[in-house]
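Descriptive analysis of the structure
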Amino acid sequence: MSAPHSSPPKAAATLEISRQLLAHGIQPTPQRIEIASVFLCGDVHLSAEQVIARVAGNGRPVSKATVYNTLGLFRERGLLSQVSVDSTRVFYDSNTSPHYHFFNVDTGVLTDGDGPLPTLETLPAPPPGTMTEAVDVVIRVRNGPTPAT
Ligand SMILES: [Zn+2]
């Protein structure tokens, strides 16, 4: 899924990341480029703590506050989406198209579901004076017996 990041982004990658940030109305600072590089290598789901660890692993530590602020900015500008698994676990997702997730409670890993979004026939009407903005689907799974082949 995601390749390990052991080196800072290369010049060509930096240019591409800068272009993507600008396309989302984000000024490409070195720290933003560093944080974006963690995500833009493919579809990844990372918590803020994982982002902090990866950026630190790249040898250019960025403060926690900067990471949180930058992730918030990226989400606000549509570069990342945010998936809340529960009140204590939030993931930032490089896949911003509509999709659903499986969350493995045993491993703590969030993965994208494959195929069309599940439909909810009995989705209730929103309260008066409101409208449904989004429906997030996270299917919680745990490790079970391997199916016989
Ligand atoms: Zn996802």
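Residues numbered from 1 in each chain as written. Predicted model: local features only at pLDDT ≥ 70, side-chain atom pairs only at ≥ 80, totals over all residues.

1. Concerning the overall build of the chain
Helices and strands together make up the secondary structure of the chain, namely four helices and six strands. Walking the chain from its N terminus toward its C terminus, one meets helices and strands in the order α-α-β-α-α-β-β-β-β-β. Taken along the three principal axes of its C-alpha coordinates, the chain extends 50 × 50 × 25 Å. With 149 residues in all, the chain has 19% of them scored as buried. By sequence separation, contacts in the chain at least 24 residues apart represent 50% of the contacts at least 6 residues apart. (Helix = DSSP H or I, 4+ residues; strand = E, 2+ residues; numbered from the N terminus. Buried ≥ 20, exposed ≤ 12 C-beta atoms within 10 Å, placed from the backbone. Contact = placed C-beta atoms within 7 Å.)

2. Let's talk about the confidence of the model for the chain
Regions with low pLDDT carry predicted coordinates that are not meant to be interpreted in detail. When the pLDDT values of the chain are averaged, the result is 88; 94% of them are 70 or greater. Per-element confidence in the chain is highest for helix H4 (residues 64-76), whose mean pLDDT is 96, and lowest for strand E6 (residues 138-141), whose mean pLDDT is 90. (pLDDT = per-residue confidence, 0-100.)

3. Let's talk about the environment of proline 61
Looking at the element boundaries, proline 61 is found in the loop between helix H3 (48-57) and H4. A count of 13 C-beta atoms within 10 Å places proline 61 in the partly exposed class. With 38 residues separating them in the primary sequence, proline 61 and histidine 99 have C-alpha atoms 32 Å apart. Once residues lying within four places of it in the same chain are set aside, the contact partners of proline 61 are Val55 and Ala56.

4. Considerations on the packing of helix H1 (residues 11-23) against helix H2 (residues 30-39)
Where H1 contacts H2, the two axes come as close as 10 Å, and the packing angle between them is 100 degrees. Accordingly, the angle class assigned to the pair H1 and H2 is roughly perpendicular. Two secondary-structure elements touch here, H1 through Ala13, Thr14, Ile17, Ser18 and Leu21 and H2 through Arg32, Ile33, Ala36 and Ser37. When grouped by side-chain class, the residues that make up the contact of H1 with H2 number five nonpolar, three polar and one charged. (Axes fitted to C-alpha atoms, helices over the stretch in contact; angles between N-to-C directions. Parallel < 35°, antiparallel > 145°, perpendicular 65-115°, else oblique. Nonpolar A, V, L, I, M, F, W, Y, C, P; charged D, E, K, R; others polar.)

5. Focus: the sheet that holds strand E5 (residues 109-112)
Here we have three strands laid out as an open sheet, ordered E5-E4-E6, and mixed in their pairing. The sheet is open, and its two borders are formed by E5 and E6, each paired with just one other strand. Averaged over all adjacent pairs, the angle separating strand axes in this sheet is 25 degrees, with direction ignored. Pairing geometry for strand E4 (residues 101-104) and E5, over four bridges, is antiparallel. Paired with phenylalanine 102 across the two strands is threonine 111, which belongs to E5. (Pairing = 2+ DSSP bridges.)

6. Overview of H3
Every buried residue belonging to H3 is among Val51, Ile52, Arg54 and Val55, and all of these are buried. Along H3, the residues classed as buried sweep out an arc of 170 degrees about the axis, all on the same side. For H3, the exposed residues lying more than 90 degrees away from the buried face are Glu49 and Ala56. Along its buried surface, H3 packs onto H2, strand E1 (45-46), H4 and strand E3 (89-93). Within two residues after H3, glycine 59 carries a phi angle of roughly 85 degrees, on the positive side. (Arc of directions from axis to C-beta.)

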